[in-house]
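Residues per chain are reported as follows:
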Amino acid sequence: EIAVVLAANFISVAARMSLVTFLGIYFVREAGIALATVGAAFLCENLLRGVLAPLFGALSDRTGRKPLILAASLLTAAVLPCFLLVHGPLALFAWSFAMGVAGAVNMPVGSALLLDLAPVDRRQSVLAVNYTVMSVGYTLAVTPAGYVAEQGYGLLAALSAGSYLLVPMLYAVGLRG
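Numbers given to residues run from 1 along each chain, matching the order in which its sequence is written. Where totals are concerned, whole chains, interfaces and linings use all residues; where local detail is concerned, this predicted model gives features only for residues with pLDDT of at least 70, and gives and counts side-chain atom pairs only at 80 or more. To get the side-chain values, take all heavy atoms of the structure and skip hydrogens and water.

A.B. asks: Explain the state of the cysteines here, please?
C.D. replies: Disulfide: a covalent bond formed between the sulfur atoms of two cysteine residues. Disulfides are defined as cysteine sulfur pairs within 2.5 Å. All chains considered together, the criterion is met by zero disulfides. Looking at Cys44, it has no disulfide partner, and the nearest cysteine sulfur is the one in Cys82, 19 Å off.

A.B. asks: How should helix 2 (residues 35–63) be read in this particular structure?
C.D. replies: Counting along an α-helix, one turn takes 3.6 residues, and residues three or four places apart therefore face a common direction. Its 29 residues place the ends of helix 2 40 Å apart at the C-alpha level, agreeing with the 42 Å of an ideal helix rising 1.5 Å per residue. Think of it this way: the bend at a residue is just the angle between two axes, each fitted to seven residues, one set ending at that residue and the other starting at it. Numbered from the N terminus, helices here are DSSP runs of H or I no shorter than four residues, and strands are runs of E no shorter than two. At Leu52, helix 2 shows its maximal bend, which comes to roughly 35°, and the proline Pro54 appears one to four places after that position. Among the residues making up helix 2, those that are buried are Val38, Ala41, Glu45, Leu48, Arg49, Leu52, Ala53, Phe56, Gly57 and Ser60. Helix span is expected to be 1.5 Å times the residue number reduced by one. Each residue gets one of three labels from its accessible area relative to the maximum for its type: buried under 20%, exposed over 50%, partly exposed in between, using a 1.4 Å probe on protein chains only.

A.B. asks: I'm lost on the packing of helix 2 against helix 3 (residues 65–79) in this one. Help?
C.D. replies: Think of two packed helices as two axes; the pair is described by the angle between the axes and how far apart they sit. Running from N to C, helix 2 and helix 3 cross one another at 130°; their axes reach a closest spacing of 7 Å. Classified by the angle their axes make, helix 2 and helix 3 are oblique. Along its contact with helix 2, which presents Phe56, Gly57, Leu59, Ser60, Asp61 and Thr63, the element helix 3 presents Arg65, Pro67 and Leu68. Here the term charged refers only to Asp, Glu, Lys and Arg, the term nonpolar to Ala, Val, Leu, Ile, Met, Phe, Trp, Tyr, Cys and Pro, and the term polar to all other amino acids, Gly among them. Residue composition of the contact of helix 2 with helix 3, by class: four nonpolar, three polar and two charged. A fitted line through C-alpha atoms serves as each axis, taken over the contacting stretch for helices, and the angle formed by two N-to-C directions is quoted from 0 to 180°. In these notes the angle categories are as follows: under 35 degrees is roughly parallel, over 145 is roughly antiparallel, 65 to 115 is roughly perpendicular, and the rest is oblique. It only takes one pair of heavy atoms within 4.5 Å for two residues to be counted as in contact.

A.B. asks: How should the layout of surface pockets be read in this particular structure?
C.D. replies: With a 1 Å grid spanning the protein atoms alone, the term cavity applies to any set of points in which a 1.4 Å probe fits but cannot get out, the term pocket to an open set with protein on both sides within 12 Å along at least five of seven lines, and the term lining residue to any residue with an atom within 4 Å of a point. Grid points are joined across faces, edges and corners, and a volume is the space filled by probe spheres set on the points. In this structure, the largest pocket spans a volume of roughly 330 Å³. Lining the largest pocket are 18 residues, with Val13, Arg16, Asn106, Met107 and Met134 positioned closest to its centre. Secondary-structure elements contributing two or more residues to the lining of the largest pocket are helix 1 (2–30), helix 3, helix 4 (89–117), helix 5 (123–151) and helix 7 (166–174). Sorting elements by how many residues they give to the lining of the largest pocket places helix 1 first, with six residues. Across the lining of the largest pocket, the residue classes break down as ten nonpolar, six polar and two charged. The space that makes up the second largest pocket amounts to roughly 210 Å³. Around the second largest pocket, the lining comprises 14 residues; the ones closest to its centre are Ala14, Ser18, Ala141, Leu159 and Ser163. Breaking the lining of the second largest pocket down by element, the ones donating at least two residues are helix 1, helix 5 and helix 6 (153–164). When residues in the lining of the second largest pocket are grouped by element, the largest group, five residues, is from helix 1.

Take a look at the structure:
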């Protein structure tokens, strides 16, 4: 089951970051939103993620890890491609809010899930492997994503969301309970 979580984390980081890396360019050049506004929206998304992450971690202690991470993965897969609907600041902040809420679940709940699954003497190494897997996922995803973005943002959105749909499938099939 540890391998399932690691694979899901790899895919989620690769799918999300392959898109997120190019969103600033999209929002400024394609949607015509001011760079400062884009930066403020991204800041709000990250602050929201930081504030909500401990709450979702605590919630997963009460409700269980799997339901929460499945819901967040499905929400992310649905919201991620909706950047194509953003044509102004209000829509950008709404999209960033949704991404911040969904993204706040993944790190604390995924890490807690790994700690639940790993034997006590292997927890540190499992978390280290997880961090490495996520770093590799980001690195491997960005280069082809640049090529895909050059072909069209719609294609990038479809590939990113489609890839992200593998995450809840992995969790649903590969985790017990």
